[in-house]
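The chain contents come next:
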Amino acid sequence: MKLSISFLIVIAATSLKYCRCRASELNQAATLFSGPVEVVSEDPRFAWLESPVWHESGKYLLFSDVQWRREEDDIVCGMLWKYDSVSGNVTKMLECSGIAGPPGPDAINGLPADIAELKEGGSNGLFWKKEEDGILLMNQHGWKRMVSLNVNDVDETTASIEPDLVSVVVDSYGGTPLNSPNDLVQSEKGDIYFTDPPFGLQYRTVDDPFGFSFELMTQDAPAVYKLSVGGDLERILQFEVSDDRSKRFGPNGIAINEQNGDVAVAITEFGNPRTEIYCRFDNGTIDVTNPCKTLLHDYRIEGPNDSFPPLVDGNTYDGDMHVLIISGPGGIYIYDTWEEELGGYGLLGFIRIDDLCSNNVVDGGYLWMTCNQRLLRIPLAEKETTTADGPIETSTPTATPTTLEVPA
């Protein structure tokens with residue numbers, strides 16, 4: 001990194017009106033960034049944003065809206081939004097993203113049988129398929145499955161795609177439908193890992209949608225699966241369900257550390273928000289008996305949102321910066337992944353947002369964050385690239401969005 005710790009802390013300290021980060025909270029993570037948090041969009045059409053993914057050649061970001069509601073029939077079927085970084089516009093990419101594609105086995109009149117009940121029937125986890133430009137992997141709460149599609153097949157004028165152009169990747173395990181695939185990641189080898197909690201089964205007509213969703217599970221447990229390149233589906237982790245609704249939890253975000261094979265699983269349990277790290281043995285298998293490390297996330301939301309639940313949701317490993325970035329209670333937690341420096345997963349710093357943050361991704365010169373009904377980003381610090389003629393600087397992208405104001 002080109003900028004020193006002390007220099008960036010000065011930037012943070014003099015930019016508090018733009019950024020909910022405090023210099024003391026950013027700590028060592030300040031070296032990773034070159035400016036304050038920016039509000040890219042807080043479009044009034046947004047409901048609950050998730051899973052940003054950056055397309056480098058197209059210079060755009062896609063992200064899910066799990067709770068977007070179609071007005072004409074009042075069903076929550078989701079939206080895939082597109083932010084064009086060149087024009088600065090946010091447009092509809094795919095309407096009813098949670099039910100796009102061929103009808104599922106429980107279809108009634110072409111719709112999921114419980115679609116009128118669903119609180120979060122849209123798409124959730126997104127990931128670009130390795131080595132196949134434009135192929136998007138997408139988890140659907142509406143149909144409770146994972147699908148793939150070529151974004152070039154989407155008609156952006158109507159925000160729609162022909163059903164037969166969407167392929168079902170996985171929708172069942174052991175002959176039984178999945179609960180509701182949530183987040184996903186693909187390893188460099190091509191294996192796909194995904195979480196399958198019942199969070200997509202939350203009904204908007206019950207008093208406790210989260211706790212009740214566990215009683216609607218089709219599988220016998222919330223779980224994490226691995227879909228191998230050869231097509232074999234393996235349940236690698238599963239979690240017990242408490243009889244006490246207030247103590248129920250499940251796996252949410254998932255990320256893979258390609259440097260050592262660690263698998264990070266965000267655990268959504270409002271009484272104990274945490275991320276569990278599962279280490280990989282020398283033979284390549286994952287130690288599923290117990291997490292080798294558990295990262296606890298303190299409740300940090302302050303101000304008018306201090307009644308929000310302590311949500312831990314999505315996560316990202318970034319190999320270039322050697323960090324694990326977790327969307328947790330109140331903002332973004334950044335952990336070091338260099339074991340020889342901090343003993344493994346030392347907390348580098350915290351980016352204060354004071355809101356519910358669902359997910360994040362590092363790409364295109366920014367850390368992108370979906371937080372409730374806002375799309376945010378923070379510019380990365382400049383890097384040095386070495387050539388035959390010596391080091392050259394790479395530029396940080398220029399930014400024009402509005403800034404995030406903090407009450408005085």
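Residues numbered from 1 in each chain as written. Predicted model: local features only at pLDDT ≥ 70, side-chain atom pairs only at ≥ 80, totals over all residues. Heavy atoms only, no water.

Peer 1: How would you explain unusual backbone geometry if you had to name every residue and give the values?
Peer 2: Residue Asn 27 is not a glycine yet carries a positive backbone phi of 50°. Assignment of secondary structure puts Asn 27 in the loop between α2 (23-26) and β1 (38-41). On the basis of relative accessible area, Asn 27 is assigned to the partly exposed category, the value being 37%. Phi is positive for Asp 74, close to 60°, though the residue is something other than glycine. (Helix = DSSP H or I, 4+ residues; strand = E, 2+ residues; numbered from the N terminus. Buried < 20%, exposed > 50% of the residue type's maximum accessible area, 1.4 Å probe, protein only.)

Peer 1: I'd love a proper account of the pairing of strand β28 (residues 374-379), names of residues and values included.
Peer 2: Side-chain positions along a regular strand alternate between the two faces of the sheet. Of all 6 residues in β28, 6 are buried; the element is thus mostly enclosed. Side chains Arg 374, Leu 376 and Ile 378 project from β28 onto one buried face, and the interleaved Leu 375, Arg 377 and Pro 379 project onto a second face that is buried too. Alignment of β1 against β28, held across 3 bridges, turns out to be antiparallel. Bridging across to β28, Glu 38 finds its partner in Arg 377. Here 6 bridges tie strand β27 (residues 366-371) to β28, and the two strands are oriented antiparallel to one another. Looking at the pairing, Leu 367 lines up with Ile 378 of β28. (Pairing = 2+ DSSP bridges.)

Peer 1: I'd like to hear about the sheet that holds strand β15 (residues 192-196), residue by residue, with values.
Peer 2: Across the sheet, which stays open at both edges, the 4 strands sit in the order β14-β15-β16-β17 with antiparallel pairing between neighbours. Single-partner strands in this sheet number two, and they are β14 (184-186) and β17 (233-238). Strand-to-strand twist in this sheet, taken as the mean axis angle between neighbours without regard to direction, amounts to 20°. Across 3 bridges, the pairing between β14 and β15 is antiparallel. Each residue of the ladder has a partner; that of Leu 184, found in β15, is Phe 194. (Axes fitted to C-alpha atoms, helices over the stretch in contact; angles between N-to-C directions.)

Peer 1: Let's hear about the sheet that holds strand β2 (residues 49-55): which residues, and what values?
Peer 2: On the basis of which strands lie adjacent, the open sheet formed by 4 strands has the order β2-β3-β6-β7 and antiparallel pairing. In this open sheet, the two strands that pair with only one neighbour each are β2 and β7 (90-95). Ignoring strand direction, the axes of neighbouring strands in this sheet form an average angle of 25°. Bridge count for strand β6 (residues 79-84) against β7 is 5 bridges, and the pairing is antiparallel. Pairing of Met 79 across the sheet is with Glu 95, part of β7.

Peer 1: So what's going on with the packing of aromatic side chains? Residues and values would help.
Peer 2: Describing an aromatic ring pair means giving the distance of the ring centres and the angle of the ring planes. Tallied over the entire structure, the rule returns 15 aromatic pairs. Residues Phe 210 and Phe 214 carry aromatic rings whose centres are separated by 5.5 Å and whose planes lie at 70° to one another, so their mutual orientation is edge-to-face. Assigned by exposure class, Phe 210 and Phe 214 land together as buried. Members of the aromatic cluster, joined through ring pairs, are Trp 54, Tyr 83, Tyr 366 and Trp 368. We note Lys 82 situated over the ring of Tyr 60; from NZ or CZ to the ring centre the distance is 4.5 Å. Lying over the aromatic face of Phe 249, Arg 274 brings its terminal NZ or CZ to 4.8 Å of the ring centre. (Phe/Tyr/Trp six-rings, centres within 6.5 Å; stacked < 30°, edge-to-face > 60°. Lys NZ or Arg CZ within 6 Å of the ring centre and 35° of its normal.)

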